[in-house]
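# Fold and geometry: a report
Each chain is listed here by its residues.
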Amino acid sequence: MVGQRFMENLIDLDKDKKCVISTFCEEPRAAYNRVKLTSYFETRNPSALSMTSEFDDDGRTPWYEENNVELLLNDKVVSVDTKTKTVTGASGKTIDYDVAVFATGSYPFVPPIPGKQRPGVFVYRTIEDLEAMLAYVKENNVKSAAVIGGGLLGLEAAKAVADMKVESHIIEFAPILMCRQIDQGGHDALVGKIEEMGLKVHCGARTESFVGENGSTDMEDMSPVSALRFSNEGWADLDVQMVVVSAGIKPRDELARDTDITVGERGGIVVDEQLKTSVDGTYAIGEIALYNNFIYGLIAPGYDMAGVCSKIVAQEELGYDLGLEEKPAFTGADLSTKLKLLGCDVASFGENQPSPDDPDVSNLVWNDPLGGIYRKLIFNKAGTKLRGGILVGDASDYSKLHKLAIQGGELPENPAMLLAPASARGDVEEEELSDDPNTQICSCNDVTRGQIADTIKELGVDGASLKEVKTCSKAGTGCGGCEPDVKMILKQELEKLGGSLSNNLCEHFAYSRPELMALVRTDEDPSSVDSFDKILHKHGHGDGCEICKPAVGSILASMYNGVILDEGRDALQDTNDRSLANMQRGGSYSVVPRVPGGEITPEQLVQMGKTAKKYNLYSKITGAQRIDFFGASKYQLPDIWEELGSVGLESGHAYGKALRTVKSCVGSTWCRYGVQDSVGFAIRVENRYKGVRSPHKMKSAVSGCVRECAEAQGKDFGMIATENGYNLYVGGNGGVNPVHAQLLATDIDEDTVIKYLDRYIMYYILTADRLERTAPWQAKLPSGKNGGGPIEHLKEVIIEDSLGICDELDRRMQHLVDTYHDEWAEVVKDPERRAKFKQFVNTDEVQTREEMIEFIDQRGQVRPTDWATDGQPQTNWKPETIDVFARSEKSWVTVGKTSDFAPNVGSAILYGNTQLAVFNNAQRGEWYCTQNMCPHKQAFVLSQGIIGDNAEGLAKVACPLHKKQFGLADGKQLDGDLALITFPVKIEGDYVLVELPAQVEVDAILGTNGLRVQSSGGCPDITGTSLEADILNGVKNATMTVV
């Protein structure tokens, strides 16, 4: 990484192209981002880590040829002759040089523990290391692994192990994790977060040996590792089948040791402030460079070295006058860090661990073990200077604190105001960024605010996208932690230039959701904007997509409230709304009846039990006082709901962006502390707002007294009973970023609560952005006329009618209440709607959930087996070739009438044992057919995806599970390297025909039996089956792979 940065810097400085660069690379591909190595599991695509662009099959990228750089891959340097000025690679190639820059980095330090030579012992450094671990895990059925080392790299390695679905044990010799960055309090908070994720931490561990399967503990035996043995008194062996050593690094200075270049006593090439070694014409940068007897193992100091070295080479070796007032120099680096480790913020800055005998120290500590947050700020005795700090669990204000510690600045009159984390202060707005152009934004690449602003000006309003700004400025391309700040600067700078950061819905609408809602809401002819096609024609272009279709569907529901499955509106609905149920792993669905206020009758409970038992549904009581049932097939849903509806149970709208529940305590009807009937009021509130579609889900609660057992202040809107009525709170959220609700009104009666809620909810529906919860929406509202923040503005709008819109808000909400319909009741009673849930349009035959994914027993119930991690077997499925049936004999097969296939959606058909998806793109008058299995997780769901087009007009479908995008014409993934097998479609009269090979051939590649997800991860054994006989006897002129 550092060597790559040096080359980029030097090329920028070498305006006259004086320099010819050759770079040796030991690995099979060009430079990639090791800092983000664990993210490799997300894609298993090395190009996602590339520092330049996508790798070709040889591991190269166009950057090297474009910049006249000779790239020598798979060629480790074996010798450097500083007298003849030559470098020789393992390939035998020798190159003359004028300047040699050592950027050889480091290698993992493996302690001399007996057994380190065993199969199953790995280091964590390269993509090849990860691939070797993955292969070993699969081949040896590894269930448990140990990571030796609890520093930064060790925790990254532990995450990599956990991502392989292997139990991960972190083994650390020191008494705490990350002992160079945090203290005992930070350790305790970090361990709490880590163990919540299922990882195990063992500190103070003295590893004695890696034990082999045969019980041996020597340095020669090659029996695979089976356990760790410790010298700690009373510690038992730890059974593991794999060990990953990440116990530190050592500079790769072996080349220099064979020359007259000076090397440090403990390793590393000695350099001065200009990164020069003891031999003229040679330099060293990165983890190989020993400056002032210190090795810098972080990427930011390495990039600083690359910057200094490139300027020195340009000036002194190439003869450029760079116009610098001072000679470039590396004089050390700020070792402050902010990282996301195992999902937990960890940051340290400044003097985070001053000497115990330092007299000028005053500490402030915030320790919240329940929230997993630890913060320690270190001031001078006078409290006038912030010297450093440690942040674990919440480091959202790191930039501000880091600047105060490193650059200085005025502290608050009470410095303790800096201590509380943003989450405790209830902040939901982004941290304010300094306007100072010298403020460092990206520490990895040493990019300031001013440099980012200059980049934005150069790109201009039209060219300054987040992607382009990151590419041109390098900000956000290291660890990625500063990307939110880069985005904020982009927004601010574009506004200064008269532009704005686009908040358009997508490429089809040049409006945000609030803007589009306003256009629909104020249209003088409502009939001209009462469907997606009409709104698209009037205010957009193209076909639409998986972003704008659900957004417009939500607007239509909020304005007109028609049945969402009627008149083509089902084509707009996202994954869950189209099926009126939440799609779960493997393509089955959940069933969630509404239980208003948590009150339920014995008859309803009995019917729930009967239905769950009949359909073998996994049953669970939720935290929202409801009962969820999991594992239903889509074709079963109408029958299930018919049975539940017989005892008055209605849809709980768990699938929709709508009101979920109104939670309640028992209130005055039972509780000795209750002062109001909280259950009765919760039922009234839930029955009023049930089915109301909104920009995001809404949750509510009613507490019967100030003891707040229903947790109303953590909801989108909540009521707490008082002796005189209710206090009404709004804008609270739980989830990832909890926000405390704010008090809107006090001691009001039920009718007044309802009136204010009608207005609050409708104001939110009309003005919030797409997928925006009430808390961030509320935080963005203007302050009241006399200050007081957004809550005062809401009081003015809702109570005082300052905008003159209360009549409209009241009227629109009453329309939604008056037009309420139980969506499942509408389906059950109507054969045409019920037919939408048929599994295959061309047959009454069904494939059960068990035929598509293995169901396993868990505590007496069944659930689908776990998905494999991306990149492992049964994920990212690919045929040998996208045209796998090229040599097969094909025929046109009638699969149904055109009327069987709903417009602008996909429908599944069954061909032999294979599920195919047929898409009727009525907007274009085009038809497509693909496999129904999404290759990402081998789930048979593509027919349920939203179809549309991209910015280039390419017809596409978005997988309903993870929104993977596939072109419908050629099947290629638009956002990755997967692909679908496609088949031609033609229409003859009223019939739809698909050109297909013989059933046995299609089944051999795409048959459900062969692609069923199984816990074993193995391939099905078809030996002796009819499928094997058919393949052997009936397949001719075909090239195929049996999966």
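See the structure shown above.
Structural notes, computed from the coordinates. (Residues numbered from 1 in each chain as written. Predicted model: local features only at pLDDT ≥ 70, side-chain atom pairs only at ≥ 80, totals over all residues. Heavy atoms only, no water.)

If you tally the helices and strands in the protein, you get 29 helices and 50 strands. Computed over the C-alpha atoms, the radius of gyration of the protein is 32 Å, within 12% of the 31 Å expected from 2.2 N^0.38 for a compact globule of 1043 residues. In terms of overall dimensions, the protein has C-alpha extents of about 90 × 85 × 65 Å along its principal axes. Taking all 1043 residues of the protein together, 54% fall into the buried category. Across the protein, every contact between residues at least 6 apart in sequence was considered, and the portion connecting residues at least 24 apart equals 62%. (Helix = DSSP H or I, 4+ residues; strand = E, 2+ residues; numbered from the N terminus. Rg over C-alpha atoms; globule rule 2.2 N^0.38 Å. Buried < 20%, exposed > 50% of the residue type's maximum accessible area, 1.4 Å probe, protein only. Contact = heavy atoms within 4.5 Å.)

Overall, the coordinates contain 18 aromatic pairs when judged by the stated rule. Consider the rings of tyrosine 296 and phenylalanine 330, whose centres lie 5.4 Å apart with planes at 90 degrees: the pair is edge-to-face. Linking tyrosine 296 in the loop between β20 (294-295) and α8 (299-317) with phenylalanine 330 in the loop between α8 and β21 (337-341), this pair joins segments that are 34 residues apart in sequence. Owing to a relative accessible area of 2%, phenylalanine 330 belongs among the buried residues under this scheme. Between phenylalanine 681 and tyrosine 726, the ring centres sit 4.7 Å apart and the planes meet at 35 degrees, which makes this aromatic pair tilted. Within this pair, whereas phenylalanine 681 is found in helix α19 (residues 678-689), its partner tyrosine 726 is found in strand β35 (residues 725-730), the two being separated by 45 residues in sequence. Among the residues examined, phenylalanine 681 registers a relative accessible area of 0% and is labelled buried. A relative accessible area of 1% places tyrosine 726 in the buried class. The ring of tyrosine 303 has arginine 5 sitting right over it, with the charged end atom 4.1 Å from the ring centre. Between arginine 707 and the ring centre of tyrosine 673, over which it is positioned, the NZ or CZ distance is 4.0 Å. (Phe/Tyr/Trp six-rings, centres within 6.5 Å; stacked < 30°, edge-to-face > 60°. Lys NZ or Arg CZ within 6 Å of the ring centre and 35° of its normal.)

Quick look at empty space enclosed by the protein now. Within this structure, the stated rule accounts for six cavities of 30 Å³ or more. Reported here for the largest cavity is a volume of approximately 90 Å³. Surrounding the largest cavity, 13 residues form its lining, Asn561, Gly691, Val692, His821 and Glu823 being those nearest its centre. Split by residue class, the lining of the largest cavity holds five nonpolar, five polar and three charged. Taken as a whole, the second largest cavity holds about 50 Å³ of empty space. Lining the second largest cavity, in full, are Leu580, Ala581, Asn582, Ser590, Val591, Val592, Trp641, Ser651, Gly652, Ala654 and Tyr655. (1 Å grid on protein atoms, 1.4 Å probe; cavity = no way out; pocket = protein on both sides within 12 Å on 5 of 7 lines; lining within 4 Å. Points joined across faces, edges and corners; volume = space filled by probe spheres on them. Nonpolar A, V, L, I, M, F, W, Y, C, P; charged D, E, K, R; others polar.)

Turning our attention to the pattern of salt bridges. Close approach of charged atoms allows side chains with opposite charge to pair. Enumeration according to the criterion identifies 58 salt bridges in this entry. Several salt bridges share partner residues, and in doing so they unite Asp543, Arg924, Glu926 and Asp949 into one network. (Salt bridge = Lys/Arg side-chain N within 4 Å of Asp/Glu carboxyl O.)

The four strands lie next to each other as β28-β29-β31-β30, forming an open sheet whose pairing is antiparallel. The two strands at the open ends of the sheet, each matched to only one other strand, are β28 (582-583) and β30 (618-621). For β28 and strand β29 (residues 589-591), the ladder comprises two bridges, and the chain directions are antiparallel. Paired with methionine 583 across the two strands is tyrosine 589, which belongs to β29. Relative to β29, helix α18 (residues 637-645) is tilted by about 10 degrees, and along the sheet it contacts β29 and β31 (627-632). (Pairing = 2+ DSSP bridges. Axes fitted to C-alpha atoms, helices over the stretch in contact; angles between N-to-C directions.)

Time to look at the pairing of β21. Examined bridge by bridge, β21 and strand β22 (residues 344-350) share five bridges and lie antiparallel to one another. Following the sheet pairing, threonine 337 is matched in β22 by serine 348. Linkage of β21 to β22, two consecutive antiparallel strands, is achieved through a turn of two residues, within which leucine 342 is found at a positive phi near 55 degrees.

Another aspect to go through is helix α14 (residues 513-521). Listed as buried for α14 are Arg513, Leu516, Met517 and Val520. Each buried residue of α14 sits inside an arc of 105 degrees when the element is viewed along its axis, so together they form one side. The secondary structure elements touched by the buried residues of α14 are α15 (532-539), α16 (548-559) and α20 (750-767). (Arc of directions from axis to C-beta.)

Attention shifts here to the environment of glutamate 832. Its location among the elements puts glutamate 832 in helix α25 (residues 831-835). Glutamate 832 sits 149 residues away from isoleucine 981 along the chain, and the two C-alpha atoms are 31 Å apart.

Another aspect to go through is helix α12 (residues 466-473). Those residues of α12 lying buried are Val469, Lys470 and Ser473. End-on, the buried residues of α12 take up no more than an arc of 100 degrees, which puts them together on one face. A positive backbone phi angle near 75 degrees is found at lysine 474, which sits one or two residues after α12.

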